[in-house]
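If you want the building blocks of each chain, they are given just below.
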Amino acid sequence: MQEPGLDLHVWQSQWEALEPDLRDSPAEALPELGRLVDEMLAERGYDDPVEIDPEINRELEQARDVVRRLGAEEGVDPGDIAAAVNGYRAVFEELVGEHRAP
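Only a predicted model underlies this, so the values are computations on that prediction, with no experimental measurement involved. Along every chain, residues carry numbers that run from 1 in the direction the sequence is written. At least 70 in pLDDT is required for a residue's local features to be given in this predicted model, at least 80 for side-chain atom pairs to be given and counted, and no such filter applies to totals for whole chains, interfaces and linings, which use all residues. Remark: hydrogens and water are excluded; side-chain values derive from all non-hydrogen atoms of the structure.

A.B. asks: How should the overall build of the chain be read in this particular structure?
C.D. replies: Strands are runs of DSSP state E lasting at least 2 residues, helices are runs of H or I lasting at least 4, and numbering of each runs from the N terminus. Each helix and strand in the chain was counted, giving four helices and zero strands. Listing each helix as α and each strand as β along the chain from the N terminus yields α-α-α-α. The rule is simple: take the accessible area with a 1.4 Å probe, protein chains only, and divide by the maximum for that residue type; under 20% is buried, over 50% is exposed, in between is partly exposed. Across the 102 residues that make up the chain, the buried fraction comes to 32%. For the chain, contacts bridging at least 24 residues in sequence account for 66% of all contacts bridging at least 6. For the chain, the exposed surface amounts to about 6,100 Å²; the carbon and sulfur share of it is 48%. Here, two residues are considered to be in contact whenever any of their heavy atoms come within 4.5 Å of each other. With residues, only the protein chains shown are counted as cover, and all accessible areas are computed by Shrake-Rupley using a 1.4 Å probe.

Structural data, given as structure tokens:
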């Protein structure tokens, strides 16, 4: 059995490790951020993030689209990259807050 709070610590550590890359090269760090959020969703048992909040689901889908476009080497506006980072951050904060709830 895993110690309560261990996931939370791991998630926060991984997020903090990505912060410098997000500041210096957000387009390159964004796919890794997406993987972290997807792992968190899977570990929390969310098959469909809309279970969290429809607005967060919309932000998540937009962020995933930006990652897809970056992977396809399509032109992506820096504002879209920033919005994707913020979308992933919203999901992260929701999951971390939910994890802390009694």
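A.B. asks: What should I look at first to understand helix H3 (residues 54–71) in this one?
C.D. replies: Each α-helix winds once per 3.6 residues, and so residues spaced three or four apart point in a common direction. When the terminal C-alpha atoms of H3 are compared, their 26 Å separation across 18 residues agrees well with the 26 Å that a helix rising 1.5 Å per residue should span. Those residues of H3 that sit buried are Ile 56, Asn 57, Leu 60, Ala 63, Val 66, Val 67 and Arg 69. Backbone geometry just after H3 places Glu 73 at a positive phi near 60°. To estimate the expected span of a helix, subtract one from its residue number and multiply by 1.5 Å.

A.B. asks: Looking at this structure, how should I read the packing of helix H2 (residues 26–43) against H3?
C.D. replies: When two helices pack together, their arrangement is given by the angle between the helix axes and the distance between those axes. Two elements in contact, H2 and H3, have axes whose closest approach is 10 Å; the angle formed by their N-to-C orientations is 135°. By the criterion of interaxial angle, the relationship of H2 to H3 is oblique. The chirality of how H2 crosses H3 is left-handed. On H3, the residues touching Ala 27, Leu 30, Pro 31, Val 37, Asp 38 and Leu 41 of H2 are Leu 60, Arg 64, Val 66, Val 67 and Leu 70. Class assignment of the residues belonging to the contact of H2 with H3 gives a composition of nine nonpolar, no polar and two charged. Lines fitted to the C-alpha atoms define the axes, with helices restricted to the stretch that makes contact. Angles between their N-to-C directions range from 0 to 180 degrees. Throughout, the term roughly parallel applies to angles under 35 degrees, roughly antiparallel to angles over 145, roughly perpendicular to angles from 65 to 115, and oblique to all others. Take the far helix as the reference: if the near one is turned anticlockwise from it by less than a right angle, the crossing is left-handed, and if turned clockwise, right-handed. When residues are grouped by polarity, Ala, Val, Leu, Ile, Met, Phe, Trp, Tyr, Cys and Pro land in nonpolar, Asp, Glu, Lys and Arg in charged, and all others, Gly among them, in polar.

A.B. asks: I keep staring at H2 and nothing clicks. Help me out?
C.D. replies: Between the first and last C-alpha of H2 there are 25 Å, a value that for 18 residues agrees with the 26 Å anticipated at 1.5 Å per step. Residues Ala 29, Leu 30, Leu 33, Gly 34, Leu 36, Val 37, Met 40 and Leu 41 constitute the buried set of H2. Just downstream of H2, Gly 45 is the residue with a positive phi angle, here 85°.

A.B. asks: How should the pattern of salt bridges be read in this particular structure?
C.D. replies: In the sections that follow, a salt bridge refers to a side-chain nitrogen of Lys or Arg positioned within 4 Å of a carboxyl oxygen of Asp or Glu. This structure, assessed with the given rule, holds nine salt bridges. The salt bridge involving Arg 64 is made with Glu 61; its shortest N-O contact spans 3.1 Å. Taken together, the positions of Arg 64 and Glu 61, both in helix H3 and three residues apart, correspond to about one turn of that helix. You can call Glu 61 partly exposed: its relative accessible area is 40%. For Arg 69, the salt bridge is made with Asp 80, and the minimal N-O distance between the two is 3.0 Å. With a gap of eleven residues between them, Arg 69 in helix H3 and Asp 80 in helix H4 (residues 78–100) connect regions that are remote in the sequence. With a relative accessible area of 15%, Arg 69 lands in the buried category. Beyond isolated ion pairs, a larger network of salt bridges with shared partners links Asp 65, Arg 68, Arg 69, Glu 74 and Asp 80.

A.B. asks: Sorry, what's going on with the nonpolar core here?
C.D. replies: It is characteristic of soluble globular proteins that their nonpolar side chains tend to be buried jointly. With 27 residues, the main nonpolar core has Leu 30, Leu 33, Met 40, Leu 41, Tyr 88 and Val 91 as its most contacted residues. Sorting the residues of this core by element identifies helix H1 (6–24), H2, H3 and H4 as the ones contributing at least two each. Sorting elements by how many residues they give to this core places H4 first, with eight residues. Not counting chain neighbours up to four residues away, the residues in contact with Leu 33 comprise Trp 15, Leu 18, Leu 22, Val 85 and Tyr 88. Buried Ala, Val, Leu, Ile, Met, Phe, Trp, Tyr and Cys residues form a nonpolar core when they are joined through side-chain atoms within 4.5 Å.

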